[in-house]
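Fold and contact review
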Amino acid sequence: MKSRRQFIKISSLSAAGLIFGGGLLDSLASSILKENQSYFKGPFDFTRTPTYCEVCFWKCAGWVYKDENGRIKKIIGNDDDPNCNGRFCPRGTGGVGMHYDEDRLKTPLIRTEERGKQTFREASWDEALEYIASKMKEIKEEHGPECTALFSHGSGGKYFGKVIKGFGSRNIAAPSYAQCRGPREVAFIATYGSGVNSPENTDIRDTKCLVLIGAHIGENMHNGQVQEMSDAIDKGATIITVDPRFSTAASKSKFWLPIKPATDIALLLSWMHVIISEELYDKKYVEKYTYGFDQLKAHVKNFTPEWAYGITTIKPDQIRETARTMAHAAPAVLVHPGRHVTWYGDDTQRLRAVAILNALLGSWGRRGGFYNPDKASVPHYHLPPYPKPEKTWRDAMGGKYILADLALASGVCDASIPTPDLDCSIRGWIVNGTNLINTLPDQKKTIDAIQKLDLLAVVDTMPMEITGYADVVLPECVYLERYDSLRISQGREPSIALRMPAVDPLYNSKPAYWIARELAKKLDLLEYFPFETIEEELDWELKQVGSSLEEMQKIGVKRLEREVDDLYFADGEDIEFDTNTGKIELYSTVLEEEGFDPIPVYTPHPEPSEGFYRLIYGRAPMHTFSRTANNPNLTDLMSENSVWVNPKVAKEWDLKNDQYIYLENQDGVVSDFPIKVRVTERIRWDSVYMVHGFGHADKRLKRCFGKGVSDTQMITNVMIDPIMGGTGMRGNFVTFRFDNKKTEV
Ligand SMILES: Nc1nc2c(c(=O)[nH]1)N[C@H]1C(S)=C(S)[C@@H](COP(=O)(O)OP(=O)(O)OC[C@H]3O[C@@H](n4cnc5c(=O)[nH]c(N)nc54)[C@H](O)[C@@H]3O)O[C@H]1N2
Ligand SMILES: Nc1nc2c(c(=O)[nH]1)N[C@H]1C(S)=C(S)[C@@H](COP(=O)(O)OP(=O)(O)OC[C@H]3O[C@@H](n4cnc5c(=O)[nH]c(N)nc54)[C@H](O)[C@@H]3O)O[C@H]1N2
Ligand code: SF4
Ligand SMILES: [Mo]
């Protein structure tokens, strides 16, 4: 019988015990503590070493500088890197805090029971990996290897992926798909036969008109985009921001359309109406490249700005004026596809509307719209084929979401909860670099799924909430202390970047490559790790593209030539799109085949009841989700989130600036912690806003424990996208509470 997992606060172990347990650790720790003695003992004795940033997934390449004692002093951007052009954002600069954070995970831990109470005990790497391997083998014998899964959001994913695929499972998922950009990819693939991917192929640099519809570049600090947007503004581009909140981008915009949340599809349809009825669309482009214009024209005939006004609260003349502004800038216009697009469950359709609008304006494949990206092709060492699993998480979906082009993290979670009619119960999870408790909506379901598992192994750098539910916790060393797979990003030109250790790993932490390979050894899967060290693998790969590890250690980034000069469509060029019709599908044949609306339709969403406000959330420039919440450098800049409340609402509730309150959602969930009120005209009266990533519940996170409210805790209503399974998270409503006592039901 497996025991129900309790959330263990790792704080139950003494810090000293954690740091100094075990002879091996003793010597390491004492060398760390000898202040004037260097703990840097690697062979890579450079004053600066190359890396790419792990604070977010823009992966900017930079240089790590050390002082004469080998202590990291600063991280700056690499001038040759197209993702950052030599400049890091505040989070990237603060990344050094990940190395110095004294709350880091320090040694492997195994869950154990002492006097009826669950706790963690320290373990050696060998013991911890043996535990995982033997549980995996048990699962394989009893249920089959496909009953294991990997959740991974981070660089080590490639190596844990080899282990799990070699073992016989294809359940590999990241919350950056079904909780983030999945609907966008599906919508753009349905329309153009190609996704937007990361970094996005948006030609902001040369745009004359940038439309941000719920994308908040400026607070969303994706480096290259922010730089390009600022350059575009300097060159006179018009910015149109559609956001219920006066965001940083809105403050730089000619037009701010404070839309009523959840009504964006109506605005998009109405813009199409104006552009088609006033014949402002790119006729040559539409005729040559698109399919279904007549159906679209008939579809949007009645969606006048007056119709949209009643739904969106945006005035008809503003809808007309902004539509004309876009058309006049065309084709150097960009209706930005956003990135975190899982909002209301009809997200694929909303993004289809964005894709169609861009097609009417002729911006796909055009300067100032979307360019055609290129990516370095770096050959991988030939490995034996992976065994073919008999089933995957998809079998537990009852035939739904077949248009999802990647695995759904929420789907893998669902497939871990046994149901009477679906036989695909996943029994073991390896979780690498993703804090699922704070990342998947409906925390209760995530925890339910975890309770059903035979194995939960978590690889992380910090004692984040997910580690509290683990059977085994494996401390990875931070990105400044390790090699990782090469960064191979798409862009205007292909490039590769190297991450190498600037310093040795602190404590008893290890890099993903080593952890994954040691686990592979125990599972008899070494054939998938032919290189004993990652250095050998990197060197082999780099030599295939005319470089070497030695060269990359010196230059960090290598830009390669584009093979073909096809950044934009040439005038009148014949192009075959990877869709059923070979055209840009304004009318989607694939959605029609699957029984969905071939052209987007606006459907109203539930509204908050009296005294409740729609909870919307976003980013702050100095934090990335929960991964930076405890970072000493970044908590200095922002230590808690606040809840933005419109003055009209504040008056009704008698709320004052900086007052602490609790939030309660529509399902009666009261926030664990209080949050500061920020009274501001910058938010509509029907909504409140907060930054994601706060409200941490683990006391070991000393700087961020109990600071602010976790939006995820308040997100219990999840609106699933029927097309691809994305989890819409903005259909939740909150009210204000002055204490957090539970109400009697
Ligand atoms: N409520 C709510 N949910 C959301 C979102 C939201 O805005 N609100 N945003 C969604 C979006 S857009 C995304 S992309 C996802 C992101 O979701 P996640 O990828 O889960 O993001 P984080 O919460 O930052 O979790 C990252 C975890 O990785 C750990 N980590 C950091 N560095 C390393 C490392 O080098 N190695 C290892 N092994 N671990 C490391 C951190 O300590 C942390 O536990 O969340 C989605 N979920
Ligand atoms: N600093 C920083 N930058 C980041 C990240 C980070 O954690 N920190 N994370 C990165 C990641 S993984 C992602 S996915 C992106 C996410 O960044 P984006 O895709 O740019 O933005 P979101 O977080 O989805 O959007 C938040 C905006 O949508 C508005 N909004 C809310 N509801 C509605 C609505 O109904 N209609 C409209 N039109 N707008 C609405 C909010 O007010 C807010 O301004 O950011 C990336 N960049
Ligand atoms: S945008 Fe900032 S946090 Fe993200 S990779 Fe670049 S420097 Fe790092
Ligand atoms: Mo994301």
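Residues numbered from 1 in each chain as written. Chains lettered and ligands numbered in written order. Predicted model: local features only at pLDDT ≥ 70, side-chain atom pairs only at ≥ 80, totals over all residues. Heavy atoms only, no water.

1. Side note on the overall build of the protein chain
Across its full length, the protein chain carries 25 helices and 28 strands. For the protein chain, the C-alpha radius of gyration of 26 Å lies close to 27 Å, the compact-globule estimate for 745 residues. Projected onto its principal axes, the C-alpha coordinates of the protein chain cover approximately 75 × 70 × 55 Å. Across the 745 residues that make up the protein chain, the buried fraction comes to 61%. A separation threshold of at least 6 residues defines the contact pool for the protein chain, and within that pool the share at least 24 residues apart is 75%. With an accessible surface of roughly 28700 Å², the protein chain has 49% of that area assigned to carbon and sulfur atoms. Looking at the protein chain, you have 91 positive and 102 negative side-chain charges, and the mean spots of the two groups are 3 Å apart. (Helix = DSSP H or I, 4+ residues; strand = E, 2+ residues; numbered from the N terminus. Rg over C-alpha atoms; globule rule 2.2 N^0.38 Å. Buried < 20%, exposed > 50% of the residue type's maximum accessible area, 1.4 Å probe, protein only. Contact = heavy atoms within 4.5 Å. Areas by Shrake-Rupley, 256 points an atom, 1.4 Å probe, with all protein chains shown as cover. Lys, Arg positive; Asp, Glu negative; His and termini not counted. Charge placed at Lys NZ, Arg CZ, Asp CG, Glu CD.)

2. What about the domain arrangement of the protein chain?
Often the size quoted for an interface is simply the accessible area lost on bringing the parts together. Taken domain by domain, the protein chain consists of domain 1 (181–373) and domain 2 (613–737). Computed from C-alpha coordinates alone, the two centres of domain 1 and domain 2 are separated by 27 Å. Counting residues at the interface gives 29 residues for domain 1 and 26 residues for domain 2. Interface area lost by domain 1 to domain 2 is led by Arg245, His340 and Tyr344, which between them contribute 25%. For the pair domain 1 and domain 2, the number of links is zero salt bridges. In this assembly, domain 1 and domain 2 are joined by ten residue pairs in polar contact (both at pLDDT 80 or more). Contributing elements (two or more residues each) for the side of domain 1 that touches domain 2: helix 7 (175–192) and helix 15 (347–361). Broken down by class, the residue content of the side of domain 1 that touches domain 2 amounts to eleven nonpolar, 13 polar and five charged. (Domains from an automatic or database assignment. Buried area = accessible area lost by both parts, 1.4 Å probe. Salt bridge = Lys/Arg side-chain N within 4 Å of Asp/Glu carboxyl O. Polar contact = N/O pair within 3.5 Å; in protein donor to acceptor, adjacent residues only side chain to side chain. Nonpolar A, V, L, I, M, F, W, Y, C, P; charged D, E, K, R; others polar.)

3. Section: the nonpolar core
Of all hydrophobic cores here, the largest spans 70 residues; its most connected members are Phe188, Trp271, Met272, Leu296, Met326, Leu357 and Leu360. For this core, the element with the most residues is helix 10 (residues 264–277), which contributes ten residues. Beyond its immediate sequence surroundings of up to four residues, Leu360 is in contact with Met272, Ile275, Ile276, Tyr281, Asp282, Val286, Phe293 and Leu296. (Core = buried A, V, L, I, M, F, W, Y, C linked by side-chain atoms within 4.5 Å.)

4. Quick word on the site of ligand 3
Contacts to ligand 3 come from Cys53, Val55, Cys56, Trp58, Lys59, Cys60, Phe88, Cys89, Arg91, Gly92, Met221 and Asn223. In terms of residue class, the shell around ligand 3 is built from eight nonpolar, two polar and two charged. (Near = heavy atom within 4 Å.)

5. Observations concerning unusual backbone geometry
Cis geometry is adopted by the peptide bond preceding Pro199, which originates at Ser198 and carries an omega value of -15°. Topologically, Pro199 is positioned in the loop between helix 7 and strand 8 (209–213). Within the chain, Tyr507 stands out as a residue other than glycine whose phi angle is a positive 55°. Its location among the elements puts Tyr507 in the loop between strand 18 (495–497) and helix 19 (512–522). Judged by relative accessible area, which is 13%, Tyr507 ranks as buried.

6. What to know about the pattern of salt bridges
By the definition in use, this model includes 47 salt bridges. The partner of Arg703 in a salt bridge is Glu102, with the nearest N and O atoms 3.0 Å apart. In this pair, Arg703 sits in the loop between strand 25 (687–691) and helix 25 (711–714) while Glu102 sits in the loop between helix 4 (96–100) and strand 4 (109–114), placing the two residues 601 residues apart along the sequence. Glu102 gets classed as partly exposed once you look at its relative accessible area, which sits at 36%.

7. What about the sheet that holds strand 18?
Ordered by their spatial adjacency, four strands build an open sheet running 13-17-18-19, and the pairing between neighbours is antiparallel. This sheet does not close on itself; its edge strands, each paired only once, are strand 13 (374–375) and strand 19 (557–559). Judged from the three bridges that link them, strand 18 and strand 19 form a sheet pairing that is antiparallel. Each bridged residue has a counterpart across the sheet, and for Ile496 the counterpart in strand 19 is Lys558. (Pairing = 2+ DSSP bridges.)

8. Let's talk about the pairing of strand 5 (residues 117–122)
Pairing analysis gives six bridges linking strand 4 to strand 5, with the strands arranged antiparallel. Within the sheet, the bridge partner assigned to Arg111 lies in strand 5 and is Phe120. Linkage of strand 4 to strand 5, two consecutive antiparallel strands, is achieved through a turn of two residues, within which Arg115 is found at a positive phi near 45°.

9. Side note on the pairing of strand 8
Counting buried positions over the five residues of strand 8 gives five, a clear majority of the element. As judged from the five bridges shared by strand 8 and strand 9 (residues 238–242), these two strands associate in the parallel manner. If you follow Val211 over to strand 9, its bridge partner there is Ile240. On the question of chirality, the crossover connecting strand 8 to the parallel strand 9 by way of helix 8 (residues 223–234) is right-handed. Pairing analysis gives four bridges linking strand 8 to strand 12 (residues 333–336), with the strands arranged parallel. (Right-handed = clockwise from strand over helix to strand, strands pointing away.)

10. Section: the site of ligand 1
As a matter of local geometry, ligand 1 sits amid 30 residues, with His153, Thr439, Asp460, Glu476 and Ser626 nearest to it. Glu476 is positioned with one of its side-chain polar atoms (N or O) 2.7 Å from a nitrogen atom of ligand 1. At 2.6 Å, a side-chain N or O of Ser626 approaches an oxygen atom of ligand 1. Coverage of ligand 1 by the protein amounts to 98% of the 920 Å² it exposes when considered alone. Among the elements that line the shell around ligand 1, the one with the most residues is helix 7, at four residues. Considering only residue class, the shell around ligand 1 consists of ten nonpolar, 14 polar and six charged.

11. A short note on the environment of His623
Tracing the sequence through the fold places His623 in the loop between strand 21 (613–618) and helix 23 (632–637). What makes His623 buried here is its relative accessible area of 3%. Each C-alpha atom, one on His623 and one on Lys284, is 45 Å from the other, the two residues being 339 residues apart in sequence. Those residues within four positions of His623 in sequence are excluded, and the remaining contacts are Arg91, Thr628, Ala629, Leu634, Thr635, Met638 and Phe694. At a separation of 2.7 Å, a polar atom in the side chain of His623 contacts the side chain of Thr628. In this structure the side chain of His623 is engaged in a polar contact, spanning 2.8 Å, whose partner is the backbone oxygen of Met638.

12. Digging into helix 19
Taken across its eleven residues, helix 19 has nine buried, putting it largely inside the fold. The complete set of buried residues in helix 19 reads Ala512, Tyr513, Ile515, Ala516, Arg517, Glu518, Leu519, Ala520 and Lys522. Those residues of helix 19 hidden inside the fold are in contact with helix 5 (125–143), helix 6 (157–167), strand 14 (428–432), strand 15 (455–460), strand 16 (472–475) and helix 20 (534–544).

13. Observations regarding the side chain of Gln179
Tracing the chain through its elements places Gln179 in helix 7. For Gln179, a relative accessible area of 3% gives the class buried. In terms of polar contacts, Gln179 uses its side chain to reach the side chain of Ser410, at 3.2 Å. Other than its neighbours up to four places away in sequence, Gln179 contacts Ala174, His340, Thr342, Ala409, Ser410, Thr439, Leu440, Pro441, Thr727 and Met729.

14. Structural notes on the sheet that holds strand 7 (residues 172–173)
Sheet architecture is open: seven strands sit in the order 5-4-16-15-14-6-7, paired in mixed fashion. Only two strands of the sheet have a single neighbouring strand rather than two, namely strand 5 and strand 7. Examined bridge by bridge, strand 15 and strand 16 share four bridges and lie parallel to one another. Pairing of Val459 across the sheet is with Leu474, part of strand 16. Of the strands in this sheet, strand 6 (148–152), strand 7, strand 14 and strand 15 touch helix 6, which is tilted by about 170° from strand 6. (Axes fitted to C-alpha atoms, helices over the stretch in contact; angles between N-to-C directions.)

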